[in-house]
Amino acid sequence: MINKETILASAQRTILSESESIAKLVTLLDDNFAKSVEIINNSKGRLVVTGIGKSAIIAQKIVATLNSTGTPSLFLHASEAIHGDLGMVQPGDVVICISKSGNSPEIKVLVPLLKRFGNKLIAITGNLTSFLGKEADYVLNTYVDSEACPNNLAPTNSTTAQLVMGDALAVCLMEMKNFTAEDFAKYHPGGALGKKLLLRVGDMLDTTHRPFVSPDSSVKSAIHEISEKRLGVTAVVEDDKVIGIITDGDIRRMLNKTENISGLTAKDIMTANPKTIKSTELVSDALNLLEDFSITQLVVVDNGDYKGVLHLHDILKEGIV
């Protein structure tokens, strides 16, 4: 009988089975892995990753990870390779071939061709005595005792092991290349990740609608400026320098304390020494500053010059969070 308990139990068995298979990979690592990383890192060509079936899908993901972390790579489908796509492989390229059994017909045709070209061949396989295991220059062992599939047929543990081995290669290569967060940003300019790593305060600042009043401006003028610029705040500027800010909260607190506001000026109700940030700083750093001080606006100042106001809502609109 299928119920919630049996469904959860099945999911738990699958996750535990795959996690145990991954853990065992640690014991299978040897000099072949270290030499493979060195050869890839020292290669003047690209890294070509090939496979068939589910292994081909894993190969595509590994290629995506490698490309985004500084190792130029391309995917070659094993069956298409022997029908013309083998021309993608150039002298100096290193080839990784992924196959659980290592004996797929396409692999048996492809491997000798690659060897004939003189390219270094790295195998990711769970069968060291297979055709691929014997013919490869280096073998990364991804043997698993069984699949998580109840029939021990559908690739589950084996493909997860292949994927993890690919991630291990990518991370090692990142470390050897001293690949930094700044480098990572170069390959991820789009989307939330790219914005988080690249977008700077000045890139999203509206400098033409800067809210500001003078210290001697009336409270009514300050309220008008806050309402017109729609940022919930206005800077108080004297001699081109920001000496304070007035927020919606300052206005509310003033109204709670004072019956007659006719004699009050901006300087009387402002908050001095507001939190500021440079336009060259990352927006992600600005967000951290807003969160640290539980505020919603930052005054942007460059070399003492007032540039504008960055609002939390503007950051949220960019999808950085």
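Residues numbered from 1 in each chain as written. Predicted model: local features only at pLDDT ≥ 70, side-chain atom pairs only at ≥ 80, totals over all residues. Heavy atoms only, no water.

Q: Looking at this structure, how should I read the sheet that holds strand β9 (residues 271-272)?
A: Across a sheet, strands are paired by hydrogen bonds formed along the backbone, either parallel or antiparallel in direction. The four strands lie next to each other as β6-β7-β8-β9, forming an open sheet whose pairing is mixed. Only two strands of the sheet have a single neighbouring strand rather than two, namely β6 (212-213) and β9. As defined by bridge partners, β6 adjoins strand β7 (residues 233-238) across two bridges and the pair is classed as parallel. Within β7, the position partnered with Val-213 by the bridge is Val-236. Contacting β8 (241-247) and β9, helix α11 (residues 248-257) runs over the sheet at an angle of about 65° to β8. (Pairing = 2+ DSSP bridges. Helix = DSSP H or I, 4+ residues; strand = E, 2+ residues; numbered from the N terminus. Contact = heavy atoms within 4.5 Å. Axes fitted to C-alpha atoms, helices over the stretch in contact; angles between N-to-C directions.)

Q: Explain the pattern of salt bridges here, please?
A: Pairing is possible between side chains of opposite charge, provided their charged atoms come close. One pass over the full model with this rule turns up eight salt bridges. Across the pair Lys-241 and Asp-305 runs a salt bridge, and its minimum N-O distance is 3.8 Å. Within this pair, whereas Lys-241 is found in strand β8, its partner Asp-305 is found in strand β12 (residues 305-311), the two being separated by 64 residues in sequence. Overall, Lys-241 belongs to the partly exposed group, its relative accessible area being 37%. A salt bridge links Asp-250 to Arg-253, with the nearest nitrogen and oxygen atoms 2.8 Å apart. (Salt bridge = Lys/Arg side-chain N within 4 Å of Asp/Glu carboxyl O. Buried < 20%, exposed > 50% of the residue type's maximum accessible area, 1.4 Å probe, protein only.)

Q: Where do I start with the side chain of Ser-217 in this structure?
A: When you line up the elements, Ser-217 lands in the loop between β6 and α10 (219-229). Using a relative accessible area of 16% as the deciding quantity, one classes Ser-217 as buried. Separated by 2.8 Å, the side chains of Ser-217 and Ser-214 make a polar contact. Every residue in contact with Ser-217, bar those within four places of it in the chain, is listed here: Leu-264, Thr-265 and Ala-266. (Polar contact = N/O pair within 3.5 Å; in protein donor to acceptor, adjacent residues only side chain to side chain.)

Q: Looking at this structure, I do not really get the nonpolar core. What am I missing?
A: The tendency in soluble globular proteins is for nonpolar side chains to be buried side by side. Val-49 and Ile-96 are the most contacted members of the largest nonpolar core, which has 24 residues in total. Of all the secondary-structure elements, those providing two or more residues to this core are α2 (31-42), β1 (47-51), α3 (54-68), β3 (94-98), β4 (120-125), β5 (138-141) and α7 (157-176). Apart from residues lying up to four places away in sequence, Val-49 is in contact with Ala-59, Val-63, Leu-66, Leu-74, Phe-75, Leu-76, Ile-96 and Ile-98. The next biggest cluster of nonpolar side chains, apart from the first, holds 19 residues, and it includes Val-48, Leu-74, Ala-81 and Val-139. (Core = buried A, V, L, I, M, F, W, Y, C linked by side-chain atoms within 4.5 Å.)

Q: I would appreciate a short explanation of helix α1 (residues 4-28) in the present structure.
A: Each α-helix winds once per 3.6 residues, and so residues spaced three or four apart point in a common direction. The first and last C-alpha atoms of α1 sit 37 Å apart over 25 residues, in line with the 36 Å expected at 1.5 Å per residue. Every buried residue of α1 is listed here: Ser-17, Glu-18, Ser-21 and Leu-25. On the buried face of α1, the contacting elements are β5 and α7. If you check the start of α1, you find a side-chain oxygen 3.1 Å away from the backbone N of Glu-5, and it comes from Asn-3. (Expected span 1.5 Å × (residues − 1).)

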